[in-house]
Amino acid sequence: MRLLKRFCVLILGLATALAMSSVVRADSVTDWNAIAIQIIARSTTHPGATSFLDSAIVQAAVYDAVESITKTFRPYAIRVPGASGSTAAAVAKATRDVLVNRFPPSQFPSLTGTLDTTYNDYLTLHGIPTSDPGIAVGAAAAAAVIALRANDHSFPNCSATPLPPNCDFAGSNAPGQWRPTPSDIVLPGASGPSPPPFAHMLAPWLATVTPFTLTSPSQFRAPEPPSLTSKRYASAFDEVKRMGARTNSERMAEQTDLALFWYSNYLVLWERVLRDITTANQLSIDDSARLFALANLAMGDAVITAWDTKLHYHFWRPYTAIHEADNDGNSETISDPNWLPLVNIPNYPDYTSGANNVTGAITRMLALFFGTDEMTFTVATTYALANPQIPIITYHRFSDAAHDVVNARIWEGIHFRFADVQARKQGRHVAQWVFSHFLRSVDADDHDDHEDEGDDE
């Protein structure tokens, strides 16, 4: 079968695979990306989708630090005047400064309490003196990006009085509208602890964060979801009810395996893919910094785009839809009060999918960067309860991974197909925008653009 042919079982297993990913290093960009993502992913105050904001800021600063010295591509926030010195020093300092700004050691000792030791050890290991001018370049680049994002409406103080806008959203009990759901699934969460039962929407403020590259959060807002009384809705309802159920589903074993494989921390998963692809292709420091910045800016804006759409339509999750089908006005949908999805229900609306927005963005960005959709690469799951015989999948097209994520979220029982497909389109559009308008060569013609290819299903 097509699905089974793309599975690549590694003899050494998941632990060895993950270790290999961290051992093989291309340059300071991949080194410090691995350090940054480990810190960001462990944060409990910047959970889930919000973590993509942190990684985008880190990689934008790293990019400006490198390009200030090499002067190959146009800056994102700053071209540091008179920049010189070691690019490795600039990358290390830029990353260190952004992380300390986002997670001050005095407040987050478990995250950045030892970061200065890591930073100093890195300089020593690479023979970089503390007087290297690249350090000042990295500091200036980080300061510029931090200043640019200082009032971006992210992470508001939601314990303040009066409450800032979009600090809380509890939905509605009207048909078709999202509302908090129980969290009684046995499977543990993929990205840390599961939300408590009937938790309100995670980070509704994310819908109004100032984008990194887009003109507004709504620039690529998805069209309205299908009417509850439509055949399209009934078809999507039937599919997720049959294929996404926790018990007595119609999934084949390999479909369940794929669903659990992609029940992952998407930040950790895709950053590892970026590091592996960068290493395999032996990218220069210029290209490495640019690829990481382009990908992370696109994923950051894709998350903002997804949350804008989620909060605008606040469409209900399949769990609620299946339990409340008697009230949706559609004679082709049948309720089941005992239905449960395969995995935990995320505490935010269905439409559109954040995972597919992010995946659509990064897979499209990789295809644009390398000029082809065809490349052999591997993806490693981050989910501890995935099938241990399938810790890694080998893909030969970026779009094949995006296709699998669309199906996986349906088979997990947490998204309708239209929420996944529209999200993938949004992510692709965001990537196209970022690639066409930002971090271009200093010699690029401003009138050149890159027309988007037609979206597949």
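Residues numbered from 1 in each chain as written. Predicted model: local features only at pLDDT ≥ 70, side-chain atom pairs only at ≥ 80, totals over all residues. Heavy atoms only, no water.

Draft legend 1. Structural view of the overall build of the protein chain. Assigned secondary structure in the protein chain consists of 16 helices and two strands. For the protein chain, with 457 residues in total, the buried portion stands at 59%. Long-range contacts, defined as pairs at least 24 residues apart, comprise 80% of the intrachain contacts of the protein chain with a sequence gap of at least 6. When the accessible surface of the protein chain is split by element, carbon and sulfur atoms take 53% of a total near 17900 Å². (Helix = DSSP H or I, 4+ residues; strand = E, 2+ residues; numbered from the N terminus. Buried < 20%, exposed > 50% of the residue type's maximum accessible area, 1.4 Å probe, protein only. Contact = heavy atoms within 4.5 Å. Areas by Shrake-Rupley, 256 points an atom, 1.4 Å probe, with all protein chains shown as cover.)

Draft legend 2. Fine view of the environment of Phe212. Looking at the secondary structure, you find Phe212 in the loop between helix H8 (133-148) and helix H9 (231-243). With relative accessibility at 6%, the residue Phe212 sits in the buried group. Here the alpha-carbon distance between Phe212 and Met299, two residues 87 residues apart in the chain, equals 9.9 Å. Residues in contact with Phe212, not counting those within four places in the same chain, are Leu53, Ala56, Ile57, Tyr76, Arg149, Leu297, Gly300, Asp301 and Ile304.

Draft legend 3. Inspection of the side chain of Asp350 at higher detail. Locating Asp350 in the fold gives a position in the loop between helix H13 (318-323) and helix H14 (354-370). Notably, Asp350 is buried but unbridged: the nearest opposite-charge side chain belongs to Arg317, and the N-O separation is 4.5 Å. Here His415 takes part through its side chain, which lies 2.7 Å from a polar atom of the side chain of Asp350. Not counting residues up to four positions away in its chain, the partners in contact with Asp350 are Lys310, Phe315, Trp316, Arg317, Pro318, Ile414, His415, Phe416, Phe418 and Ala419. (Lys, Arg positive; Asp, Glu negative; His and termini not counted. Salt bridge = Lys/Arg side-chain N within 4 Å of Asp/Glu carboxyl O. Polar contact = N/O pair within 3.5 Å; in protein donor to acceptor, adjacent residues only side chain to side chain.)

Draft legend 4. Representation of the confidence of the model for the protein chain within the structure. Of the residues in the protein chain, 89% have a pLDDT of 70 or more, and the chain-wide mean is 91. Between residues 1-25, whose pLDDT stays under 50, and residues either more than four places distant or in other chains, the model counts 39 contacts. (pLDDT = per-residue confidence, 0-100.)

Draft legend 5. Broad picture of the packing of aromatic side chains. Inspection of the entire model under this criterion finds 23 aromatic pairs. Seen in terms of ring centroids, Tyr263 and Tyr383 are 4.9 Å apart; in terms of plane orientation they differ by 75°. Their pairing is edge-to-face. With Tyr263 in the loop between helix H10 (253-261) and helix H11 (266-280) and Tyr383 in the loop between strand S1 (374-380) and strand S2 (392-397), this residue pair connects regions lying 120 residues apart in the sequence. The class for Tyr263 is buried, based on a relative accessible area of 7%. Each member of the aromatic cluster is reached from another via a ring pair, and the members are Tyr233, Phe237, Tyr313, Phe315, Tyr351, Phe416 and Phe418. A cation over an aromatic ring shows up here: Arg149 above the ring of Phe212, its NZ or CZ 3.8 Å from the ring centre. (Phe/Tyr/Trp six-rings, centres within 6.5 Å; stacked < 30°, edge-to-face > 60°. Lys NZ or Arg CZ within 6 Å of the ring centre and 35° of its normal.)

Draft legend 6. Summary view of the state of the cysteines. Per the stated rule, a full pass over the model turns up one disulfide. With its sulfur 2.0 Å from that of its partner, Cys158 forms a disulfide with Cys167. Torsion about the S-S bond of the Cys158 and Cys167 cystine: about -85°, corresponding to left-handed handedness. Classification of Cys158 by relative accessible area gives partly exposed; the value is 33%. By relative accessible area, which is 13% here, Cys167 ends up buried. (Disulfide = S-S within 2.5 Å.)

Draft legend 7. Structural detail: the nonpolar core. Counting residues in each nonpolar core, the largest one holds 141 residues, and the members touching the most others are Leu206, Tyr233, Trp262, Trp270, Trp307, Phe377 and Phe416. Residues within four places of Tyr233 in sequence aside, it is in contact with Pro226, Ser227, Leu228, Phe315, Trp316, Ala321, Asp328, Asn330, Thr333, Phe416 and Phe418. (Core = buried A, V, L, I, M, F, W, Y, C linked by side-chain atoms within 4.5 Å.)

Draft legend 8. Representation of unusual backbone geometry within the structure. Across the junction of Thr161 and Pro162, the peptide omega takes the value 0°, indicating a cis bond. Backbone torsion omega between Tyr351 and Thr352 reads 5°, so that peptide bond is classified as cis. Secondary-structure assignment places Thr352 in the loop between H13 and H14. Of note in this structure, His153 is not a glycine but carries a positive phi near 70°. Assignment of secondary structure puts His153 in the loop between H8 and H9. On the accessibility criterion, His153 (53% relative accessible area) is exposed. For Gln282, which is not a glycine, the phi torsion comes out positive at approximately 50°. Relative to the assigned elements, Gln282 resides in the loop between H11 and helix H12 (285-313).

Draft legend 9. A look at the side chain of Ser68. Along the chain, Ser68 falls in helix H4 (residues 51-70). On the accessibility criterion, Ser68 (0% relative accessible area) is buried. Side-chain polar atoms of Ser68 contact the backbone oxygen of Asp64, separated by 2.7 Å. Discounting chain neighbours no more than four positions away, the residues touching Ser68 are Ile78, Arg79, Val80, Ala83 and Val137.

Draft legend 10. Quick peek at the pattern of salt bridges. This structure, assessed with the given rule, holds 13 salt bridges. The closest approach of N and O atoms between Glu412 and Arg409, which form a salt bridge, is 3.0 Å. Like Glu412, the residue Arg409 is buried in the burial classification. Salt bridges linked by common partners bring Lys93, Arg96, Asp97 and Asp116 together as one network.

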